[in-house]
Number of protein chains: 2
Amino acid sequence: MTEPIPDFYAVIPAGGVGSRLWPLSRADAPKFLHDLTGSGHTLLRDTWNRLEPLAGHDRIAVVTGRAHRAAVEAELPGVLDRNVILESEPRDSTAAIGLAAAILVRREPDVIIGSFAADHVIKVLPVFSWAVEQAVAVAREGYVCTIGIQPTEPSVGFGYIRKGQMLTVAGAPEAALVDAFVEKPDAETARGYFADRGYLWNAGMFISRADVLLAEIEANEPELHAGLIELAEAWDDRDRRGPAVDRIWPRLKKIAIDYVVAEPAAAKGRLAVVPGHFDWDDVGDFASLAKLNSSGRKNELAILGENARILADTSSGIVVSQTSRVISVIGVQDIVVVDTEDALLVTTSEHAQKVKGIVDALKLSGQGDVL
Amino acid sequence: MTEPIPDFYAVIPAGGVGSRLWPLSRADAPKFLHDLTGSGHTLLRDTWNRLEPLAGHDRIAVVTGRAHRAAVEAELPGVLDRNVILESEPRDSTAAIGLAAAILVRREPDVIIGSFAADHVIKVLPVFSWAVEQAVAVAREGYVCTIGIQPTEPSVGFGYIRKGQMLTVAGAPEAALVDAFVEKPDAETARGYFADRGYLWNAGMFISRADVLLAEIEANEPELHAGLIELAEAWDDRDRRGPAVDRIWPRLKKIAIDYVVAEPAAAKGRLAVVPGHFDWDDVGDFASLAKLNSSGRKNELAILGENARILADTSSGIVVSQTSRVISVIGVQDIVVVDTEDALLVTTSEHAQKVKGIVDALKLSGQGDVL
């Protein structure tokens, strides 16, 4: 692949804080602004780097909070000013991606948009690109297309997509209809899905003509759609944008795009899927961060942090160091230690999902200063 | 007990850093300068408070490093200047206690000294006092007397004293000869000792006439003895003390008083023991600190630190907080978390003994800034 796909526009929703990665991720330093792989780049920058060859630097839009504008622009020096779409507050993924679609379709009626989270980890770039190219070909036919990750293990941590009938679309030999979305399974069910090969991980990537996406939103959430259209009309007018955002945005329904677009489209046989044969992780919690940084090796202590001073003795898990302190871990297995200036977390991989509960408890107890 | 014992002088060797309590204890903040029980007092102050009713405030000598002089005097406003005996460098317990004995015997030839570590935890004061009174009575008869702690469990963490023949000393109905010192036992042997009741924990407390103690040192380490006598002769002369310390002290043999006094005296039938029926702990490591601060309850998370901000979920062990950071521990059992400004330790009670190894590793790797 040498040239960008001409009718393709990438959209990066850069929103979520990543509460389950507290105290590393927090309101003013959300997950997508961290280097979680030791690559030397933030996840946002890695996302940009993956999409730039596919879309071109002038055809990548980022939807983010006003508070993150400076950080996002510093991370992405190539981003065009008109492609930074600022939210006054978070309104979930339908509003974020829908607004990008509504803005872009006015600039370019036949545009195909692909939405890719700012905080996922993907390896093996050519394989990713091949999946996107197929998905764009499918989207040109009027489908909403998702990329489902071919599982590498029987995970109970992700939702699954059940593949249906194969499609016949030129340039997309692996495309199929989506039969159904299925919730995170139990271990036995997950083993069955893994053996079956017809179940893919739902990675929340959607590729679609912008007008097709908006039509789905209109069909299922007409009020939300009307708000997005009104916002988009005012968007490119410097005087009208601010008042329109202030008036309309806070009233938009907070709802995930899965419910407004993906599931209804699947029910109507209008949702396609292309399998992604690349390594993917949503780095949902510290257990997954530990796994990611130990390269899958067991009984190893992964260390994340540029200036980490770690002394470890017979320990495994992960230490995340954001300070210059000496951190000594002795005889602890699957441990998670996250050391920041104002907060320290000690848990294990097994309990990594409970971190969100601590964040809630801190909020409730008026200790939001460390969130 | 209302009056101090007239011929008794208490000596508090305040020396050891307590490496196994790093990063809480360190060179400039040794174990005896910490409040490890939440009493609101340092261990040194608690030691002083125990001894003051027995000896009187003007008859308690503290042997400590020059570097700790200011801290010790601040902790003990009642200590007399002439009772602060400063070491230019650590030379182990024979030199420390022997120097105190040599200085005090010149002031008062018949004095009985009792040496009590500055960093042990003892509860139930009247019971402690009763043991000391008996030991002083035994010491008056010319014995070296130790107080052996009546075990409260079959510990493998302490050395033991095997009681021999009972003595007949007025005022010391429980006194016996010491048959032998025995090393830290394995679990089965410890259970046997515990059932036997004739085995006591060696807590390193020695009560003796100063001249008897010095005679033992002279018999077994004549050079060391000569150095101590020479030092003591120069001690009360302001002009001579400094040069004498500089010349003699660094050359004194580093050896524990157990080898120079206790064991040889036991072999000759000159070492007596009085059982101590009080709660005692040498707080040797974080496992013992955790136990001490959870009041013996299992499955509880002990918290030490005046300004601790801890959020815990189904965790047990101990968190020591010396910073204002929020510390969150989730689902970790028997954990040890020690949070200080420049160093963090995460281990478990089971591995608490390995902390000293980390301190050694830090020294070897040139990271002494955090020791």
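Residues numbered from 1 in each chain as written. Chains lettered and ligands numbered in written order. Predicted model: local features only at pLDDT ≥ 70, side-chain atom pairs only at ≥ 80, totals over all residues. Heavy atoms only, no water.

Under an unreviewed UniProt entry, the name given to chain A is Mannose-1-phosphate guanylyltransferase, and the source organism is Microbacterium ginsengisoli.

## Notes on the side chain of A:R26
Residue and element names in this part refer to chain A. This is how it is decided: Secondary structure elements are defined from DSSP: runs of H or I of at least 4 residues count as helices, runs of E of at least 2 residues count as strands, and each element is numbered from the N terminus. Side-chain atoms alone can form a polar contact between residues adjacent in sequence; in general such a contact is a pair of N or O atoms within 3.5 Å, and within protein one must be able to donate a hydrogen while the other accepts it. Here, residues are in contact when the closest pair of their heavy atoms is within 4.5 Å.
With respect to the helices, strands and loops of the structure, R26 is situated in the loop between β1 (8-14) and α1 (43-55). A distance of 3.2 Å separates a polar atom in the side chain of R26 from the backbone oxygen of V370. Beyond its immediate stretch of four places on either side in the chain, R26 contacts V17, T340, D342, A343, V370 and L371.

## Some points on the UniProt feature "domain: Nucleotidyl transferase" (unreviewed entry) in chain A
To be explicit about the condition: UniProt positions are given in the numbering used here, feature names are shortened, and annotations may be inferred rather than shown by experiment.
Under the UniProt annotation, "domain: Nucleotidyl transferase" (unreviewed entry) lies at residues 10-294 of chain A. The straight-line gap between the two end C-alpha atoms of residues 10-294 of chain A is 31 Å; of that span, 41% is helix and 21% is strand.

## A short note on the relation of the copies chain B and chain A
A rotation about an axis combined with a shift along that same axis relates the two copies of the chain. The condition is simple: Least squares is the method for superposing the copies, and the C-alpha atoms it fits come from residues with pLDDT of at least 70 in both.
With an RMSD of 0.0 Å, chain B superimposes on chain A once it is rotated by 180° and translated 0.0 Å along the axis. Each copy turns onto its partner about a two-fold axis. In terms of C-alpha distance to the rotation axis, chain B has B:V346 as its closest residue, with the C-alpha 4.1 Å off the axis. A share of 100% of the interface residues of chain B reappears at the interface of chain A, consistent with the copies meeting face to face through the same patch.

## Examining the UniProt feature "domain: MannoseP isomerase/GMP-like beta-helix" (unreviewed entry) in chain A
Under the UniProt annotation, the feature "domain: MannoseP isomerase/GMP-like beta-helix" (unreviewed entry) is placed at residues 310-362 of chain A. As annotated, residues 310-362 of chain A comprises 15% helix and 47% strand, and the C-alpha atoms at either end are separated by 28 Å.

## Things to note about the sheet that holds strand β14 (residues 317-321) of chain A
To be explicit about the condition: Strand pairing follows a simple DSSP-based rule, namely that at least 2 bridges must link the two strands. Every angle, taken between N-to-C directions, lies between 0 and 180 degrees, and every axis is a line fitted to C-alpha atoms, over only the stretch in contact when it is a helix.
Pairing within the open sheet is mixed, and its six strands lie in the order β12(A)-β14(A)-β16(A)-β17(A)-β15(B)-β13(B). Two strands lie at the open edges of the sheet, namely β12 (301-304) of chain A together with β13 (309-313) of chain B, each paired on one side alone. Averaged over all adjacent pairs, the angle separating strand axes in this sheet is 10°, with direction ignored. Where β12(A) meets β14(A), four bridges bridge the pair, whose relative direction is parallel. Within β14(A), the position partnered with A:L304 by the bridge is A:V320. Strand contacts of helix α10 (residues 286-293) of chain A: β12, β14, β16 (335-339) and β17 (343-348) of chain A, with the helix running at about 95° to β14(A), the strand carrying the most contacts. Contacts from helix α11 (residues 355-364) of chain A reach β17 of chain A together with β13 and β15 (326-330) of chain B, with the element oriented near 140° to β15(B).

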